[in-house]
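These are the residues of each chain, in order.
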Amino acid sequence: MKDAGFTLIELLITMTLLALLSLVLFGGFRFGTRAWDRTEGSAAATAEIRRAQDAITETLGRAYPEMQFTDPKNPHVYFDGRANAVTYLGPSGDGAMAVFRLARDGDVLTMTTTPELARDPVKQTRTRKLVTNVKSFALAYYGAPNDLTPPGWSDVWANRSRLPTLVRIRATLAQARPGWTEMMVHPRIEADVACVYDALSKFCQGR
Amino acid sequence: MRTHRLKTGDDGFTLLEVLVSLAILSVSLATLLGIFSLGLSRARQNEDEMGARTLAQALIAQADAVANPQLGARGGQAGGGYRWQLELKPYNQGTALQTGGTALASVTARVTWEESAGARSLTLSSLRTVPRSATP
C-alpha cells in the first residue's frame, strides 16, 4: 500500500541527506563565526594602531621647544628623548600645553599626560593605553645638536638647545597582522617664539 | 478498504524535490559565506592601507626634515611588500608664491602594494619651502 509509511530505503536516503545537510550547515556556521571574529579582531586592532599613531603624530608633531633655564649654563628645550621613552611638551587639546610621556609599560604602549600648569601633577596625570601586545618599542632621533655639527641619528636626545628634526618610532607586536609600520614624525615648531633671549640675564625677557 | 488519500502531492516530498531544495540551500549558503570571506579580505585591505599611510607620512616627514632637498623623484622598497616613490617638484612656478629667496615645492609620496585583487596605491601630497636656487 502506498500510504502505509516509509520504506527502509526512503528513510535511509532521508537520513543521509539530513546528515549531509547538517554537516554542511554546521561547517558553514563555524566558518562564518570564525571569519566574523577574525574580521572584528583585525578591525579593532587596526583601529587601535591607527588611533595610537594619530595621537603620537598629533602631539609629537606639534611638540613645543620651550626653553628651560634650570641650569643657567646649559639652557635646553623641554624634550627628553631616550631609546625606550620620550617626554615632550605638546598641545593637550584643551588649548593648553601638557607634558606627554610615551613609554612601554610591560606589553602596553602608554601615553601619560600631565597639564603643564598642574597644581597636583600626580593627581592630574592621565595614562592612556595606546597599543596592547607590544613586544618591542624603540625610538631614535635625527637632527643636528647645533649649527656646527652635521645632522645624524642618535638613541638619545636630551638637554639639547633644539628639538630633533625627526623622531623614528619602531615597534613589534605579538601578532603578525596588523603590524606596526615604522613611523617618522617631524616636530614642526623650531623656535620658542615666546622666548626672546636676553644675553645679560641668560633668561627669556619678561619671563 | 478505502484509502484516505485525496490527491497526489500530499504524501511527502519526492527525492527530486529534496535535491532541488538542497541545491538552493547550498547556493544561498555559499553566497552567505562569500560575504564573510569578503569581510575578511576587507579587513586585510584596511590593514594594508594603514601601513601604506604610515609609510607615506614617514616619507613626507623625512622630506620635510632635510634643510636643502634635491628636487626630483626617488623610490625604493620597504618592509611589508610596499614600494614607494617620493617626488619633489616646483609648485606654481612663476607666480607670486615664488618670491625672495624661497620657493614652494610639492612633495608627493606614492606607495604601491600588491593585493589578491590586484595592485593598489596610496598617494599623499604636501608642500614645503625650498631655497629658490634649488628650483630651475
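Residues numbered from 1 in each chain as written. Chains lettered and ligands numbered in written order. Predicted model: local features only at pLDDT ≥ 70, side-chain atom pairs only at ≥ 80, totals over all residues. Heavy atoms only, no water.

Enquirer: Lay out the pattern of salt bridges with the relevant residues and their values.
Expert: A complete count under the given rule lists 10 salt bridges over all chains for this structure. The shortest N-O distance in the salt bridge between Glu115 of chain B and Arg120 of chain B comes to 3.4 Å. A residue is classified by how much of its surface remains accessible, and Arg120 of chain B, at 25% relative accessible area, is partly exposed. Members of the salt-bridge network, linked through shared partners, are Arg177 of chain A together with Glu47 and Asp48 of chain B. (Salt bridge = Lys/Arg side-chain N within 4 Å of Asp/Glu carboxyl O. Buried < 20%, exposed > 50% of the residue type's maximum accessible area, 1.4 Å probe, protein only.)

Enquirer: So what about the sheet that holds strand 4 (residues 118–131) of chain B? Which residues, and what values?
Expert: Residue and element names in this part refer to chain B. Strand order in the open sheet formed by 4 strands is 1-2-3-4, and the pairing between neighbours is antiparallel. Each end of this open sheet is capped by a strand with a single partner; those strands are strand 1 (72–78) and strand 4. For this sheet, the mean angle separating the axes of adjacent strands, direction not counted, is 15°. Two strands pair when backbone bridges link them, and strand 3 (residues 102–115) and strand 4 are joined in this way by 14 bridges, in the antiparallel orientation. Counted as the bridge partner of Thr108 is Ser125 from strand 4. (Pairing = 2+ DSSP bridges. Helix = DSSP H or I, 4+ residues; strand = E, 2+ residues; numbered from the N terminus. Axes fitted to C-alpha atoms, helices over the stretch in contact; angles between N-to-C directions.)

Enquirer: Explain the interface of chain B and chain A to me, using residue names and the numbers behind them.
Expert: Taken together, the 30 residues of chain B in the interface contact 32 residues of chain A. Here chain B and chain A share an interface that buries about 2,900 Å² over both sides, 69% of which is from carbon and sulfur atoms. Broken down residue by residue, the surface that chain B buries against chain A is led by Phe36, Glu47 and Met50 of chain B, which jointly contribute 20%. On inspection of chain B and its partner chain A, the count reaches 3 salt bridges. A salt bridge links Arg53 of chain B to Asp54 of chain A; its shortest N-O distance comes to 3.1 Å. Our enumeration of links across chain B and chain A arrives at 5 residue pairs in polar contact (both at pLDDT 80 or more). Taken together, the residues that form the side of chain B that touches chain A break down as 16 nonpolar, 8 polar and 6 charged. (Contact = heavy atoms within 4.5 Å. Buried area = accessible area lost by both parts, 1.4 Å probe. Polar contact = N/O pair within 3.5 Å; in protein donor to acceptor, adjacent residues only side chain to side chain. Nonpolar A, V, L, I, M, F, W, Y, C, P; charged D, E, K, R; others polar.)

Enquirer: How would you summarise a positive patch on the surface if you had to cite specific residues and measurements?
Expert: Together, Arg30, Arg34 and Arg38 of chain A together with Arg44 of chain B make up a region of like positive charge exposed at the surface. It is helix 1 (residues 8–60) of chain A that provides the largest number of residues to the positive patch, a total of 3 residues. Topologically, Arg30 of chain A is positioned in helix 1. (Patch = residues over 30% accessible without salt bridge, like charges linked within 9 Å, V, L, I, M, F, W, Y side chains within 5 Å. Areas by Shrake-Rupley, 256 points an atom, 1.4 Å probe, with all protein chains shown as cover. Lys, Arg positive; Asp, Glu negative; His and termini not counted. Charge placed at Lys NZ, Arg CZ, Asp CG, Glu CD.)

Enquirer: Kindly report on the sheet that holds strand 8 (residues 134–143) of chain A, identifying the contributing residues and their values.
Expert: All names here are of chain A. Spatial ordering of the open sheet is given by 9-8-11-12, a layout of 4 strands whose pairing is antiparallel. Whereas interior strands pair on both sides, the edge strands pair on one side only; in this sheet they are strand 9 (152–154) and strand 12 (183–185). Sheet twist, expressed as the average angle between the axes of neighbouring strands with direction ignored, equals 25°. Of the strand pairs in this sheet, strand 8 and strand 9 are connected by 3 bridges, and their pairing is antiparallel.

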